[in-house]
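Here's the letter readout for the chains.
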Amino acid sequence: MQVIIPGGPQRYALRLVAYAPHGARLGLLPAHLGWEAALPLNDVSSLRLSYSASALGAARLASPCEIAVEYSVEGGAWAEPENGRFLRIKRSSDATDRAGALSFDCPGYAWMLRKLVVYPALGMVDGKRLFSAKSAGEILSTVISEGKGRGTLRDMGVDFDAASDSADHAWATTMTLGLEPGMDLLTLLINLAEQGVIDWCMQGRTLRVYNADTALAVNRAAGPGPVELRLGRDIDSAPDDATLEDAASAILVVGEDGLRVEVTNSSATMPWGRWESYQAQGGVTDEGTARLLGDNALQRAGGERVQLTRSITPYAARWLPLEHYAPGDYIQAPGDQGVLQALRVRQITLSCDSAGMVGGNLTLNDRFLERDIKLARQAAGILAGGVSSGGSGADPAPEDSDREPAAPTGLLVSPTAYLDEEGYAHGQITVSWDPVSADVNGTALSVDGYELVGISPPATGAVRVLATTSSAAVTYSPLEPKSRWQFGVRAVNGSTRGQITASAEIVIPDDQTPPPDPSAPVVDSRLGVVRVTWDGLTGSGTGMPRDFARVLVMMRDPLDSGDLGRAVEWLDRAGTAVVAGLPYNTDREFWLVALDRSGNPSGESAHVVAATRPLVDTDVIGQVIDGATAIIDGTIPASAKITAGTITGGLIQALAIQAGHLNANAVTADKIEAGAIQTGHLAAAVITADKISAGAITAGKLSADAIDGRIITGSVMRSAATGRRFILDSSTLDLRFYPGGSSNYSRIYSDDSLYSGETALYLTSGSSFSGISRAELQVASQSVRLRIRGASGSYDNGGNLDITNTYARYGYNDGSSSTQCYIHLDGTGYYYIRGRFRDTAAADPYDALHVGSYTIGGAAAPNWLHVPYGPTMATNMGPVCTVRDGGSGNSYGNNFTPKAWAVTYSSVSGFQVNLANSTSFALYWWSHRHAGSS
């Protein structure tokens, strides 16, 4: 029983209030035996309550009712938080319990949304309710209004509509969805939230829905007064549960048509070496999409997974739950190992015991887990399609023929970026649309499939068929980042193609994921300069990702508030950068910022302050020492002066000046007379590598044949630092050639991973002016391959020639199965041709073959057909044709009524076929060009 002690208002208080179902307030539930409420983000809340059957207020729980949690701060007004309304629909008790204790498990009000389901309607497609290019608000409003019309959840409020969300902001995305009849509203809400389309909650009996990551993702971790939960003040315990059970550094992705792609993560935390995983992705047919999905999976499995639970103590806390932060908000809180960082509140759990003492805990996601959620949403969108920005635009001249399929509707294009195995960014698109079920006249039609076409640049470039599919969604890659495209889809019915539905202009995104923050630099002062050393790792101790480019060494004056810092050096791997020219004994602040190959900057590493130390005492820096009158044996008094040139070599006793008498760097090159030091003056091996300053030996100091026949060690050798140069890297067996003023290099390198037990030689050109292709020559012991590749060198993008010990092949491949064509010859003496012949519309006078088809005849049609070639062929043609008679009485088996037909005319411009009657025929021909007479 709760004891009420008179006194001042509690700093933080909770209470329960009962309401009639969809009705008025019944009153307080003051005599509970304890309760606990969980308030999650984008899910159903829950309340567990214990109450005595004989206690004050128990009668209000005797029948189904609503229970509201309310909170008050410093005795102020009571407020009901979001998701704080619960349903008393499940109870339990024990008849042998003399105290008459009752237990209630009460789901949040949102639980009732499962009682409103989607009903069938007109216009069903494949048994589903189709919503084409609609906003989340329009889809939800339609489902809810239909349910209310049937009397379901009639008293539930909704404060969004088809045009704007609950914050009165326009919906950010549209989608094409097919809803199964019977799907409930709660499932639909949760699915849309999991795909990153919306955030939602209940406020009392009102459903609120927002654009994702807006109103329910307030960043309270930054700004002038950030919410910071501190250990011992706001948080009294912070358990972490961590595991490496799901970690992996390599994954094999298996798609359709034999597609197999291995993706690796060199920065994964793998104390026992390589761990592998497997992912089967039905419907994926291109390497770029498989690599994107595999890379997402590896990023989620790249290290230790940590679950963060933080117990809160509201009585000593500065920041209070629900008052200062709510589920979905970002706050500063102790993360893994207690380090303060920006975390997102995924759930607030509050409890109240029988004495009214309040406690609770938070479930938090760190930035890595938030990234995991976004990656999972991206993968779901790629595999399922349907969420994007829609558009319509110019029609790229569709083909026209008999029984033409209708143009697809509801076209949505969703572009994204991914990294190839070398860390270079490429683009990928996911395209979805409504299935086509009729021809242009509205007559029912079952199409054979669809073609995805691309136009680049939009409205002016040539149309390319990028992919074919039998479903109403497709993915395609790779595409060049920042390139401009217009994408379209058309249905295919046999050899007849429908009109193209085209998107608006799409700009392919570049990689926008910044690299992780680098580890803190080690800074020290030595020989008058500052040395900044980096270990090549991230701030969490893992390796940098494969698209890492360099770290910038940043420096600022810590005493100058206006100095925001500048880059003074950079490193592309673990090593040391030297910063010279700094004033003595003056602090400078150093830190590192990482950049990836797309130019995305990381956050800052930890800052380190250091100052350069002078080489000599400060009382003689800048002073002039002259005169030679007061030199006493072994000493030079301060009053003595030495004038320039008074001490010459002849005045110095042999061996009188030893190495120990000279300060570091005291003897520089300008103080040594040309030719004064000869080989005979130097002891054997007296000059070692550590006595030569960096850059001290330049090309002018080497004889023409000084390094002839010598071995040069070191992993990288280059002919110049910038401009026209070559770079030889022994660690990768890589020789690159840079023309003057350009970074578009050609390359020669070897690879021993392609064929077991041997090394293949590669030669690649620079990329094309447009940045979409490069040429590659591969030479191995039993194969020579020449091909045009994409700019990254990871995929084919044009003509190719393969010569091996078992076959030869010449053809064209741009990554699309619909445009791939080649001639193949092998050791069996056979050959075959893959691809398509050009038909009538695209014929040329010098084509060797002219092929095509046409439907002729019919009730009101003539019984003859003249087939023109289009152009006048260069020499005579030999037509070979056949007729398919689909007239009445002809069918599969022995039912056949023969009809006479014949080729009656042939010339360089065409030929003619005559039929015995006007019954409908389909004509197919193959006409070859020869040198004989017609």
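Residues numbered from 1 in each chain as written. Predicted model: local features only at pLDDT ≥ 70, side-chain atom pairs only at ≥ 80, totals over all residues. Heavy atoms only, no water.

Caption draft 1: Highlighting the environment of Val608. Summarising the element assignment, Val608 is placed in strand 40 (residues 608-610). Distance in space between the C-alpha atoms of Val608 and Val532 is 9.8 Å, their sequence separation being 76 residues. Setting aside residues no more than four positions away along its own chain, Val608 makes contact with Pro521, Val523, Arg588, Glu589 and Phe590. (Helix = DSSP H or I, 4+ residues; strand = E, 2+ residues; numbered from the N terminus. Contact = heavy atoms within 4.5 Å.)

Caption draft 2: Quick look at the packing of aromatic side chains. In this structure the tally under the stated criterion is 8 aromatic pairs. Arranged with centres 5.5 Å apart and planes meeting at 5°, the rings of Trp485 and Phe487 form a pair that is stacked. For Arg85, the ring lying beneath its charged end belongs to Tyr19, and the centroid distance is 4.2 Å. We note Arg597 situated over the ring of Tyr424; from NZ or CZ to the ring centre the distance is 4.5 Å. (Phe/Tyr/Trp six-rings, centres within 6.5 Å; stacked < 30°, edge-to-face > 60°. Lys NZ or Arg CZ within 6 Å of the ring centre and 35° of its normal.)

Caption draft 3: Looking closely at the sheet that holds strand 17 (residues 260-264). The strand order across the open sheet built from 3 strands is 17-16-18, with neighbouring strands paired in mixed fashion. Edge positions in the sheet fall to strand 17 and strand 18 (276-280), since each has one partner strand and no second. For this sheet the average axis-to-axis angle between neighbouring strands, irrespective of direction, equals 20°. (Pairing = 2+ DSSP bridges. Axes fitted to C-alpha atoms, helices over the stretch in contact; angles between N-to-C directions.)

Caption draft 4: Expanded view of the pattern of salt bridges. This model, assessed by the stated rule, comprises 30 salt bridges. Measuring nitrogen to oxygen at the nearest pair gives 3.4 Å for the salt bridge that ties Asp213 to Arg344. Placement of Asp213 in the loop between strand 13 (206-211) and strand 14 (235-237) and of Arg344 in strand 21 (residues 340-353) is noted, with a sequence separation of 131 residues between them. Accessibility expressed as a relative area gives 32% for Asp213, which makes it partly exposed. Owing to a relative accessible area of 1%, Arg344 belongs among the buried residues under this scheme. Residues joined in a network through salt bridges with shared partners are Glu776, Arg785, Arg787, Arg789, Asp796 and Asp802. (Salt bridge = Lys/Arg side-chain N within 4 Å of Asp/Glu carboxyl O. Buried < 20%, exposed > 50% of the residue type's maximum accessible area, 1.4 Å probe, protein only.)

Caption draft 5: How the structure looks around the nonpolar core. Among the nonpolar cores identified, the biggest contains 43 residues, and Tyr12, Trp35, Ile67, Leu229 and Tyr325 are the most heavily contacted of them. When residues in this core are grouped by element, the largest group, 5 residues, is from strand 21. The contacts of Tyr12, once residues within four sequence positions are left out, are Tyr71, Ser72, Val73, Pro314, Tyr315, Leu320, Pro321, Leu322, Leu350 and Val358. Grouped together as the second largest cluster of nonpolar side chains are 32 residues, Tyr109, Ile144, Phe160 and Leu189 included. (Core = buried A, V, L, I, M, F, W, Y, C linked by side-chain atoms within 4.5 Å.)

Caption draft 6: Geometry of helix 2 (residues 185-194). For helix 2, every residue scored as buried is listed here: Leu185, Leu186, Leu188, Leu189, Leu192 and Ala193. Seen end-on, helix 2 carries its buried residues on one side only, within an arc spanning 165°. A distance of 3.1 Å separates the backbone nitrogen of Leu186 from a side-chain oxygen at the start of helix 2, and that oxygen is part of Asp184. Residue Gly196 follows helix 2 closely and has a positive phi angle near 75°. (Arc of directions from axis to C-beta. Polar contact = N/O pair within 3.5 Å; in protein donor to acceptor, adjacent residues only side chain to side chain.)

Caption draft 7: Up close: the confidence of the model for the chain. Averaged over all residues, the pLDDT of the chain equals 79, while 76% of them reach at least 70. Between the elements of the chain, mean pLDDT differs from a low of 44, seen in strand 23 (residues 387-390), to a high of 97, seen in strand 6 (residues 85-87). Contacts for the low-pLDDT stretch residues 382-401, under 50 throughout, to residues beyond four places or in other chains number 61 contacts. (pLDDT = per-residue confidence, 0-100.)

Caption draft 8: Structural detail: the sheet that holds strand 34 (residues 529-534). Pairing within the open sheet is antiparallel, and its 3 strands lie in the order 33-34-37. Strands with a single pairing partner mark the edges of an open sheet, and in this sheet they are strand 33 (522-526) and strand 37 (575-579). If you compare each strand with its neighbour and ignore which way they point, the axes differ by 25° on average. Relative to strand 37, strand 34 is paired through 5 bridges, and the arrangement is antiparallel. Bridge pairing in strand 37 places Val530 opposite Val579.

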